[in-house]
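Now for the letters of each chain:
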Amino acid sequence: MEEELSPFVLPAEQVRPLNHAGLHWAKGVSSTTTPTEEMNGAGNLMDFLDEPFPDVGTYEDFHTIDWLREKSRDTDRHRKITSKSKESIWELIKSLLDAWSGWVVMLLIGLLSGTLAGVIDLAVDWMTDLKEGVCLSAFWYSHEQCCWTSNETTFDDRDKCPQWQKWAELMTGHTEGAGVYLLNYFLYILWALLFSFLAVSLVRVFAPYACGSGIPEIKTILSGFIIRGYLGKWTLLIKTVTLVLAVSSGLSLGKEGPLVHVACCCGNLFCSLFSKYSKNEGKRREVLSAAAAAGVSVAFGAPIGGVLFSLEEVSYYFPLKTLWRSFFAALVAAFTLRSINPFGNSRLVLFYVEYHTPWYMAELVPFILLGVFGGLWGTLFIRANIAWCRRRKTTQLGKYPVLEVIAVTGITAILAFPNPYTRRSTSELISELFNDCGALESSQLCDYINNPNMSRPVDDIPDRPAGPGVYRALWQLALALIFKIVITIFTFGMKIPSGLFIPSMAVGAIAGRIVGITVEQMAYHHHDWIIFRNWCRPGADCVTPGLYAMVGAAACLGGVTRMTVSLVVIMFELTGGLEYIVPLMAAAVTSKWVADAFGKEGIYESHIQLNGYPYLDVRDEFTHRTLATDVMRPRRSDPPLAVLTQDATTVEDVETLIKDTDYNGFPVVVSRESERLIGFVQRRDLTLAIKNARQKQDGVVSSSVVYFTEDAPQLPASNPQPLKLRRILNLSPFTVTDHTPMETVVDIFRKLGLRQCLVTRSGRLLGIITKKDVLRHMAQMMNQDPESIMFN
């Protein structure tokens, strides 16, 4: 009966909010309560919670909320507002304001998260270029912006302009030579180390919760877990600043996952402005689900994908009302980002592409092979990353997070600089890999040998033989692929903000582009093969390597996260490639099938398990033939269940029980002989009740009898005044019988969000099952360590 026991549930008409600092609530005098009932024939007995005071009914850190109680409290609040709205115009206006408060919160979340995402994008763009050089005309311009504003930029050399100078050129006046290259190399590493050191130092000193992706913790919080400070103001500020620094350092990480955390921090911030959300943890989680959708919306410029991502991947409880509000929040966030226009292309995303060639049925074979690669990569990454993170947690390595970040950054910068595909930011790399090769492209990926007799329009360039630039690019991409696969394993999970979407997409995009170029050249040189004969005639444009990069990116991202529907929608919103949904779906489904063959958990679920969070995944299946009696406590070798009796326990007995045990709550029975269940009381509320009664109620001493009945027990006149605590008693705790199958119990815990249930037989109390017991039992059935579940 330890650690996971329930908060109390008062009858609905007796619940009244207190203040916005947490879920502090207390009993107001019911309109149906008579003076006789209040007194219960016991002089001037005080029923606990007649006068409100702080901390009653709040949840402690690293504990689970009671979804049923939160739902009941919100229903009561709504009923009260509806009845009052008929009394006066002012009350009607207040009820309308309450109804609209949800939309106002969504509007504010969308505006703030969109603005922060735009600022982050602009800052990352500038600071990434700062590692290589500076704009002399305006130092706050990135390389691209600097050359946009230059009148001396030519189309062929649009990446070169006199206003933009590399550091070595600025210091030495030379643009070529080994010395110039080495100086630029050294300064690139120096800037990278500086950015990562600042990031890890700020996180370590000011906001430890600002590290990592944030999505595993967001999933856990949305399932009903309390992690105080994880969505606080300091976390929001430090995560925003350090996210810019971490991405700019050139590490193999992205900003997309952390932007979900940033948006949820915005949601939590605005929840505190409205008592409807600040005093109800269940309602707060509806807002956070919508905020997660806004986070993905601004991360990828994909508002519909953001809503589906929140529904499929993050949220635990997602009613229809939350779906509409998520849609609105994602829309506002996307509109705000579009207004800022951080990419300068009048579009929401950096990866927007336009392909001029349809895909052919025969291409489904390489698309599915890319799906297989994505599933294998996802499995490899999850297992290797979890093994490394576990090693970090259990060895001396975990004690030196700053040193680890500096070491990984140094290795990344040293290996990344010589290769042009790893030197640039990962987003720019993906953008280039997605692009189709038109007549105006200057990338070496588009260094094809042109036919001088070609007289086709620009948007219908036929397949051509690859030039030396393409073959050189293939070798560089192959090295970049190996580098990204290895370095991402060690980067994700360090004590800095680190997203996984972009690195995973980069791995897939590189593999996809290599496959795409290979298929393209095979089709050109062997167009008479039976596989190409029907759809790839000489002089036709029949293979689009950029499409293969897009499909590969979707496959690898799906293999790591196990997303399906939301992944496909995000990808076609991200690129504008609406007609390529079928290849994306084929790759995503194949990737998930292959990855699931090696293990059902995605990277976020694996990190939840690694951290020991009490997350009961709705997608897990429990098929073992066990009963509630096999899981409940106390076990046969354990001491009897710690219980309270309804009218035969003294204050001293209660205080001793609280002191000698660490249980979070106690069942209340008629007597120790009958063990017939009356209700359940929370440890924290017992402590507060007795403390308050000693301060405010005369005559309460250690020998005072505590009773939970409506009428006071018959006591000798010489006895001290008894203490009535019926109001903190949950009279309707959830119960199951000892022969209830655990399959049913697990389903009940999932669908009702229970913290615990009591086990009875014919009304007699036998034991208790907590959420932690359920998780331990499931882990044991899957041959995992049951003690890995660390929190309540």
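Nothing here was measured: the structure is a model prediction, and the numbers come from that model.

Asks: Account for the overall build of the chain, with residues named and values stated.
Replies: In terms of helices and strands, the chain carries 29 helices and 13 strands. Considering only contacts within the chain whose residues lie at least 6 apart along the sequence, 74% involve residues at least 24 apart. Approximately 33500 Å² of the chain is accessible, and the part contributed by carbon and sulfur atoms is 60%.

Asks: Give a description of the environment of Gly-512 that names residues and reports values.
Replies: With respect to the secondary-structure elements, Gly-512 resides in helix H19 (residues 501-525). For the pair formed by Gly-512 and Ala-549, sequence separation is 37 residues and the distance between their alpha carbons is 3.9 Å. Filtering out sequence-adjacent residues up to four positions away, Gly-512 remains in contact with Leu-370, Pro-545, Tyr-548 and Ala-549.

Asks: Give a description of the pattern of salt bridges that names residues and reports values.
Replies: A complete count under the given rule lists 22 salt bridges for this structure. The partner of Lys-94 in a salt bridge is Glu-91, and the shortest N-O contact between them spans 3.7 Å. Taken together, the residues span about one helical turn, with Lys-94 and Glu-91 both in helix H3 (residues 89-130) at a distance of three residues. The class of Lys-94 is partly exposed, set by a relative accessible area of 38%. Judged by its relative accessible area of 17%, Glu-91 is buried. It is possible to trace a salt-bridge network through shared partners that takes in Asp-74, Arg-77, Asp-98, Lys-283 and Glu-286.

Asks: Would you mind going over the packing of aromatic side chains in detail, with residue names and values included?
Replies: Per the counting criterion, the structure on display carries 23 aromatic pairs. Taken together, a centroid distance of 5.3 Å and an interplanar angle of 80° make the contact between Phe-139 and Trp-140 edge-to-face. Consider the rings of Trp-191 and Phe-195, whose centres lie 5.6 Å apart with planes at 40°: the pair is tilted. Of this pair, Trp-191 and Phe-195 are both found in helix H6 (residues 178-206), four residues apart, which corresponds to roughly one turn of the helix. A relative accessible area of 21% places Trp-191 in the partly exposed class. Taken together, the ring pairs connect Trp-126, Phe-139, Trp-140 and Tyr-141 into an aromatic cluster. Geometry around Trp-103 places Arg-325 over its ring, the cationic atom sitting 5.4 Å from the centre. Above the ring of Phe-417, the side-chain terminus of Arg-423 is found at 4.1 Å from the ring centroid.

Asks: An account of the sheet that holds strand E13 (residues 764-770) is needed here, citing residue identities and associated values.
Replies: Reading across the sheet, the three strands line up as E11-E12-E13 and stay open at both edges, with mixed pairing between neighbours. Two strands in the sheet have a free side with no partner beyond their single neighbour: strand E11 (735-737) and E13. Sheet twist, expressed as the mean angle between neighbouring strand axes with direction ignored, is 35°. Relative to E13, strand E12 (residues 756-761) runs antiparallel, the two being bridged by six bridges.

Asks: Break down H19 for me, citing the residues and quoting the values.
Replies: Under the 1.5 Å per step criterion, the end-to-end length of H19 is 36 Å for 25 residues, consistent within 8% with the ideal 36 Å. Counting buried positions over the 25 residues of H19 gives 20, a clear majority of the element.

Asks: Describe the side chain of Asp-98, and please don't skip the residues or the numbers.
Replies: Positionally, Asp-98 belongs in helix H3. Side chain to side chain, Asp-98 and Arg-77 meet in a polar contact 2.8 Å long. Sequence-distant contacts of Asp-98, defined by excluding residues within four places in its chain, comprise Arg-77, Ile-81 and Lys-276.

Asks: Give a detailed account of the packing of helix H7 (residues 215-222) against helix H12 (residues 303-314), specifying residues and quantitative values.
Replies: Interhelical geometry of H7 versus H12 gives an angle of 75° and a closest axis separation of 11 Å. Judged by the inter-axis angle, H7 sits roughly perpendicular to H12. Here H7 contributes Ile-215, Ile-218, Lys-219 and Leu-222 to the contact with H12, which in turn contributes Phe-309, Glu-313 and Val-314.

Asks: Any details on the pairing of E12? Residues and values, ideally.
Replies: Successive residues of a regular strand alternate their side chains across the two faces of the sheet. Burial runs high along E12: five of the six residues are buried. Pairing between E11 and E12: three bridges, direction parallel. Bridging from a neighbouring strand, Thr-737 pairs with Thr-760 of E12.

Asks: Describe the side chain of Asn-280, naming the residues involved and giving the relevant values.
Replies: Here Asn-280 lies in the loop between helix H10 (275-278) and helix H11 (281-300). You can call Asn-280 buried: its relative accessible area is 5%. A polar contact is formed between the side chain of Asn-280 and the backbone oxygen of Glu-70, at a distance of 3.0 Å.

Asks: Pulling in residues and values, what's your account of a nonpolar patch on the surface?
Replies: A contiguous nonpolar patch, built from Ile-89, Trp-90, Leu-92, Ile-93, Leu-96, Leu-97, Trp-100 and Val-104 and spanning about 840 Å² of accessible area, is present on the exposed surface. Along the chain, Leu-96 falls in helix H3. On the basis of relative accessibility, which here comes to 47%, the residue Leu-96 falls in the partly exposed class.

Asks: Before we move on, can you summarise the state of the cysteines with the specific residues and values?
Replies: Counted under the stated rule, the structure contains one disulfide. There is a disulfide in this structure between Cys-135 and Cys-146, and the S-S distance comes to 2.1 Å. Taking the sign of the S-S torsion, 75° for the link of Cys-135 and Cys-146, the bridge is right-handed. Of the two residues, Cys-135 is situated in strand E3 (residues 133-135) and Cys-146 in helix H4 (residues 143-148); the sequence distance between them amounts to eleven residues. As far as the burial class goes, Cys-135 and Cys-146 line up, both buried.

Asks: Before we move on, could you go through the packing of helix H2 (residues 67-84) against H11 and cite the residues and values that matter?
Replies: As a packed pair, H2 and H11 sit with axes 7 Å apart at the nearest point and diverge in direction by 95°. By the criterion of interaxial angle, the relationship of H2 to H11 is roughly perpendicular. Every residue of H11 that contacts H2 at Trp-67, Glu-70 and Asp-74 is listed here: Glu-281, Gly-282, Lys-283 and Arg-285. By residue class, the composition of the contact of H2 with H11 is one nonpolar, one polar and five charged.

Asks: Outline the pairing of E13, listing residues and values.
Replies: Within E13, five of the seven residues are buried, which leaves it mostly tucked inside the rest of the structure. In this structure, the hairpin formed by E12 and E13 is closed by a connection of two residues, where Ser-762 is found at a positive phi of approximately 55°.

Asks: Outline the sheet that holds strand E8 (residues 677-682), supporting the account with residue identities and numerical values.
Replies: Taken in spatial order, the three strands of this open sheet run E5-E7-E8, and their pairing is mixed. What marks the edges here is a single partner per strand, and that holds for strand E5 (644-645) and E8. Here E5 runs beside strand E7 (residues 665-669); their pairing, made up of two bridges, is parallel. Following the sheet pairing, Thr-645 is matched in E7 by Val-669. Contacts between helix H27 (residues 683-696) and the sheet are confined to E5, E7 and E8, with E8 contributing the most and set at about 75° to the helix.

Rules and cut-offs
Every chain begins its residue count from 1, and numbering advances along the sequence as written. The predicted nature of this model means local features are confined to residues of pLDDT at least 70 and side-chain atom pairs, given and counted, to a pLDDT of 80 or more, with totals for whole chains, interfaces and linings taken over all residues. To get the side-chain values, take all heavy atoms of the structure and skip hydrogens and water. Here a strand is any run of E in DSSP of at least two residues, a helix any run of H or I of at least four, and the numbering for each starts at the N terminus. Whether two residues are in contact is decided by their heavy atoms: any pair within 4.5 Å suffices. Values of accessible area rely on a 1.4 Å probe in the Shrake-Rupley scheme; residue burial ignores everything except the protein chains shown. Salt bridges are defined by distance alone: a side-chain nitrogen of Lys or Arg within 4 Å of a carboxyl oxygen of Asp or Glu. Partly exposed residues are those whose accessible area sits between 20% and 50% of the maximum for their type, while under 20% is buried and over 50% is exposed, using a 1.4 Å probe and protein chains only. A pair of aromatic rings is counted whenever rings of Phe, Tyr or Trp (Trp by its six-membered ring) have centres within 6.5 Å, and the orientation is called stacked for planes under 30 degrees apart, edge-to-face for over 60 and tilted otherwise. Here, a charge over a ring is recorded when the distance from Lys NZ or Arg CZ to the ring centre is within 6 Å and its angle to the ring normal is within 35 degrees. Here, a strand pair is defined by DSSP locating no fewer than two bridges between the strands. Here an axis means a line fitted to C-alpha atoms, over the contact stretch when the element is a helix, while the angle between two N-to-C directions is reported on a 0 to 180 degree scale. One less than the residue count of a helix, multiplied by 1.5 Å, gives the span that helix is expected to have. By the criterion applied in these results, polar contacts are pairs of N or O atoms within 3.5 Å in which, for protein atoms, one can donate a hydrogen and the other can accept it, and in which residues neighboring in sequence qualify only through two side-chain atoms. Angles below 35 degrees are treated as roughly parallel, those above 145 as roughly antiparallel, those between 65 and 115 as roughly perpendicular, and all remaining angles as oblique. Within the patch definition used here, like charges are joined within 9 Å and nonpolar side chains (Val, Leu, Ile, Met, Phe, Trp, Tyr) within 5 Å, considering only residues with over 30% relative accessible area and no salt bridge. Disulfides are defined as cysteine sulfur pairs within 2.5 Å. Lys, Arg, Asp and Glu make up the charged group, whereas Ala, Val, Leu, Ile, Met, Phe, Trp, Tyr, Cys and Pro make up the nonpolar group; the residues left over, Gly among them, are polar.

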